[in-house]
Amino acid sequence: MFEKSQGNDLFRYRRSLFYNRLFIRRSNLRFILIVLLFSATILIIIIKPRPYSDPRALPELTGSLDSDSSEIDSSHIAWKTDLIKKINSRSSFYKPEQFTKEALKRNKLIPVTAVLLGWKRTESLKLVVNYISKYPFIKEILIWNNNNETRLNVEDFELNNMNVVLNVFNSDENLHDLSKYITCSMAEYNYCYFQDDDWLNLYMDNGCFLIQCLVSDKNIHTGFTWLGCGSFISRTKVQRFLGQLGYIPLSKDRLRLVDMYFSLWTNQYPYQLSNPLTPLDQNHGWSSGIDHWSIVYSNILDAAQKLYTALDVKSDSDHFEHVEETPYYHKRDVRAPCINDKCLFITNVDPFPHPSRVYYANNITHVHEQEAKFNALDFPSNEFWEKHAYHNAVDLNLSTCWNSFKVPKKGDYFGLQFVEPKSYNKVTIVSSKDISNFDASFTVEISFDGYNWKTCDKLESSYEAQDYDSVDISQNNIIAMDFDSADIPKSNIITMDFKCFEEENKNDPVSFIKFKATRDFTEPFEICSFILDGLSL
């Protein structure tokens with residue numbers, strides 16, 4: 001079925017046996033007549049972060065696929081040159097010594113297996129391997145090559161970390177998405193990182209940082225997301241998914257595109273961050289020359305219908321999760337990675353309706369009907385979100401700003417969570433609006449764990465223009481803040497000194513800082529940039 005470029009025959013045999021059992025079991029089930037007795041109706045919620053009626057908007061469900069593929073096709077050299085520069089400019093906060101076997105017993109960090117699919121974009125695949133291998137938490141890289149006309153070997157790839165175990169599997173037929181789940185199920189580590197070879201997610205540290213906090217096997221409700229753009233997924237969920245595929249018959253064509261089933265069949269809201277992706281070579285995609293949106297929508301609907309039916313049959317309870325994992329959807333406040341991958345933008349202000357506002361009752365014939373229910377609600381337009389998404393607050397670009405869309409109320413907040421805890425005593429906030437009353441409208445709070453918060457004393461605030469060209473930018477930042485503050489109204493900039501600890505503890509590092517509203521606002525709020533003691537975002 002496939003050949004493994006390195007490794008022993010036992011590992012190869014186990015993979016083949018596992019794959020064959022999956023299809024044998026599925027084939028037997030085709031001859032079983034199941035009588036469905038509907039004793040109760042379980043309402044399953046289908047969510048999308050950016051629901052629009054136009055099918056072309058579907059790739060923007062993650063808020064990240066915003067590049068024009070026609071432009072990418074004509075700029076092959078450009079993307080490769082620019083990407084190499086980006087790869088060379090970034091480094092991980094984590095250290096290799098934190099992920100040795102002995103260290104992992106003490107620090108409880110989570111090592112990860114990267115699962116990559118190869119097709120006909122070998123150069124892109126090599127760049128992905130080179131980039132992700134510089135992150136110490138990537139301990140294993142498994143490459144499944146679906147192209148039986150081109151054989152890949154371990155020697156074809158250059159690693160940035162010699163401690164990474166790399167294996168390549170050459171398949172005799174194109175198994176499409178199914179191969180990544182089979183591969184992940186056999187990974188050495190408990191979490192897999194999925195990355196396709198047409199887009200690159202540069203924000204690796206923040207993704208690994210989040211899974212340290214989200215380990216849970218409880219699920220309820222569901223939503224669709226694109227996984228190949230960079231996703232951290234527990235191996236347990238992948239193994240459960242393969243069990244679901246063995247229990248619920250799917251045609252071969254649907255099995256090859258099971259990415260469209262996985263996130264829905266976890267019966268869980270996906271946790272998505274807002275950030276732009278780096279495009280790789282977009283040629284030779286599976287969607288070339290076909291009506292791929294028709295296929296995508298058809299598979300999403302089929303996945304939802306089969307999930308609904310399975311949950312309505314009580315005997316199927318072992319195959320699908322029923323309990324919502326924490327943090328619950330309404331408690332999630334991590335929204336976007338900072339452009340330097342050293343922090344996360346947080347806010348409790350969510351411009352999109354809670355998914356419970358729209359129910360799925362298994363009585364629709366096209367996903368457009370479900371979209372219409374969302375479109376009747378109040379949420380940001382496509383144009384608004386592209387201009388004011390979360391990551392615009394931390395992208396080192398003063399011409400882009402996050403807009404809260406909703407009018408903030410007393411107790412609402414925004415702020416940062418740091419991958420590496422540090423001490424901060426001064427902040428400069430830049431807005432596109434008048435924030436001359438910021439000092440009186442927000443408190444500054446810090447936390448070590450995100451649960452227990454301490455209110456800081458505000459010592460001094462200034463709305464005077466400053467020379468931002470002289471701000472000391474650390475080497476961890478990709479680009480330096482460089483703008484003439486004279487072009488920005490004084491009322492749109494505030495620099496605030498604050499004191500959180502007594503003198504002997506003033507340099508204690510903190511993991512969170514947030515700015516909490518002390519009053520109800522009358523209009524949405526905008527943030528264009530942060531500067532924290534020289535750390536520019």
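Only a predicted model underlies this, so the values are computations on that prediction, with no experimental measurement involved.

1. Quick look at the pattern of salt bridges
Between side chains of opposite charge, a pair can form as their charged atoms come close.
Then comes step 1: Scanning the model with the defined rule gives 15 salt bridges in all.
Then comes step 2: For arginine 121, the salt bridge goes to aspartate 197, with nearest N and O atoms at 3.0 Å. With arginine 121 in the loop between β3 (112–118) and α5 (122–132) and aspartate 197 in the loop between β6 (191–195) and β7 (199–200), this pair connects stretches of sequence that are 76 residues apart.
Then comes step 3: By relative accessible area, arginine 121 is classed as buried at 9%.
Then comes step 4: Classification of aspartate 197 as buried rests on a relative accessible area of 4%.
Then comes step 5: Between glutamate 173 and lysine 252 there is a salt bridge whose closest N-O contact spans 3.5 Å. With glutamate 173 in the loop between β5 (165–171) and α6 (178–185) and lysine 252 in helix α9 (residues 252–255), this pair connects stretches of sequence that are 79 residues apart.

2. Quick look at the packing of aromatic side chains
Then comes step 1: Applying the stated criterion to the full structure yields 38 aromatic pairs.
Then comes step 2: Among the aromatic residues, those joined into a ring-pair cluster are Phe345, Trp402, Phe414, Phe438, Phe442, Phe515, Phe521, Phe525 and Phe530.
Then comes step 3: Looking at arginine 90, its charged tip hangs above the ring of tyrosine 203, at a distance of 5.2 Å from the centre.
Then comes step 4: A cation sits over an aromatic face here: lysine 514 above tryptophan 453, 4.1 Å from the ring centre.

3. What about the sheet that holds strand β11 (residues 334–337)?
Then comes step 1: Strands sit in the order β11-β12-β14-β20-β16-β17 across an open sheet of 6 strands; the sheet is antiparallel. The open sheet has two free edges, formed respectively by β11 and β17 (453–455), since each of these has just one partner strand. On average, each strand axis in the sheet is inclined to that of its neighbour by 25 degrees, with strand direction left out of account.

4. Topic: the state of the cysteines
Then comes step 1: Tallied over the full model, the rule gives 4 disulfides.
Then comes step 2: Linked covalently through their sulfurs, cysteine 184 and cysteine 192 form a disulfide whose S-S length is 2.1 Å. Handedness of the cysteine 184-cysteine 192 disulfide follows from its S-S torsion of about 100 degrees: it is right-handed.
Then comes step 3: Judged by its relative accessible area of 0%, cysteine 184 is buried.
Then comes step 4: Classification of cysteine 192 as buried rests on a relative accessible area of 0%.
Then comes step 5: The disulfide partner of cysteine 338 is cysteine 343, and the gap between their sulfur atoms is 1.9 Å. Measuring the twist about the S-S bond at about -110 degrees, one finds the cysteine 338-cysteine 343 disulfide to be left-handed. Cysteine 343 carries the same exposure label as cysteine 338, and that label is buried.
Then comes step 6: Shown here for the protein chain is a disulfide pattern of 1-2, 3-4, 5-8, 6-7, where each number marks a bonded cysteine counted in sequence order.

5. Comments concerning the environment of serine 185
Then comes step 1: Of note, serine 185 is situated in helix α6.
Then comes step 2: For serine 185, a relative accessible area of 6% corresponds to the buried category.
Then comes step 3: Taking C-alpha positions, serine 185 is 5.8 Å from arginine 235, a pair spaced 50 residues apart along the chain.
Then comes step 4: Among the polar contacts made by the side chain of serine 185, one reaches the main-chain carbonyl oxygen of isoleucine 182 at a distance of 2.6 Å.

6. Here we look at the packing of α6 against helix α8 (residues 235–247)
Then comes step 1: Remark: α6 packs on α8, axes separated minimally by 9 Å, with the N-to-C direction vectors making an angle of 125 degrees. The pairing of α6 with α8 is recorded here as oblique in orientation. With respect to the hand of their crossing, α6 and α8 are arranged in left-handed fashion. Where α6 approaches α8, its residues Leu178, Tyr181, Ile182, Cys184 and Ser185 are matched on the opposing element by Arg235, Val238, Gln239, Phe241, Leu242 and Leu245.

7. Re the side chain of glutamate 325
Then comes step 1: Residue position: glutamate 325 is located in the loop between α11 (292–312) and β11.
Then comes step 2: There is a polar contact of 3.3 Å between the side chain of glutamate 325 and the side chain of lysine 237.

Conventions and cut-offs
- Residues numbered from 1 in each chain as written.
- Predicted model: local features only at pLDDT ≥ 70, side-chain atom pairs only at ≥ 80, totals over all residues.
- Heavy atoms only, no water.
- Salt bridge = Lys/Arg side-chain N within 4 Å of Asp/Glu carboxyl O.
- Helix = DSSP H or I, 4+ residues; strand = E, 2+ residues; numbered from the N terminus.
- Buried < 20%, exposed > 50% of the residue type's maximum accessible area, 1.4 Å probe, protein only.
- Phe/Tyr/Trp six-rings, centres within 6.5 Å; stacked < 30°, edge-to-face > 60°.
- Lys NZ or Arg CZ within 6 Å of the ring centre and 35° of its normal.
- Pairing = 2+ DSSP bridges.
- Axes fitted to C-alpha atoms, helices over the stretch in contact; angles between N-to-C directions.
- Disulfide = S-S within 2.5 Å.
- Polar contact = N/O pair within 3.5 Å; in protein donor to acceptor, adjacent residues only side chain to side chain.
- Parallel < 35°, antiparallel > 145°, perpendicular 65-115°, else oblique.
- Left-handed = near helix turned anticlockwise from the far one by under 90°.
- Contact = heavy atoms within 4.5 Å.

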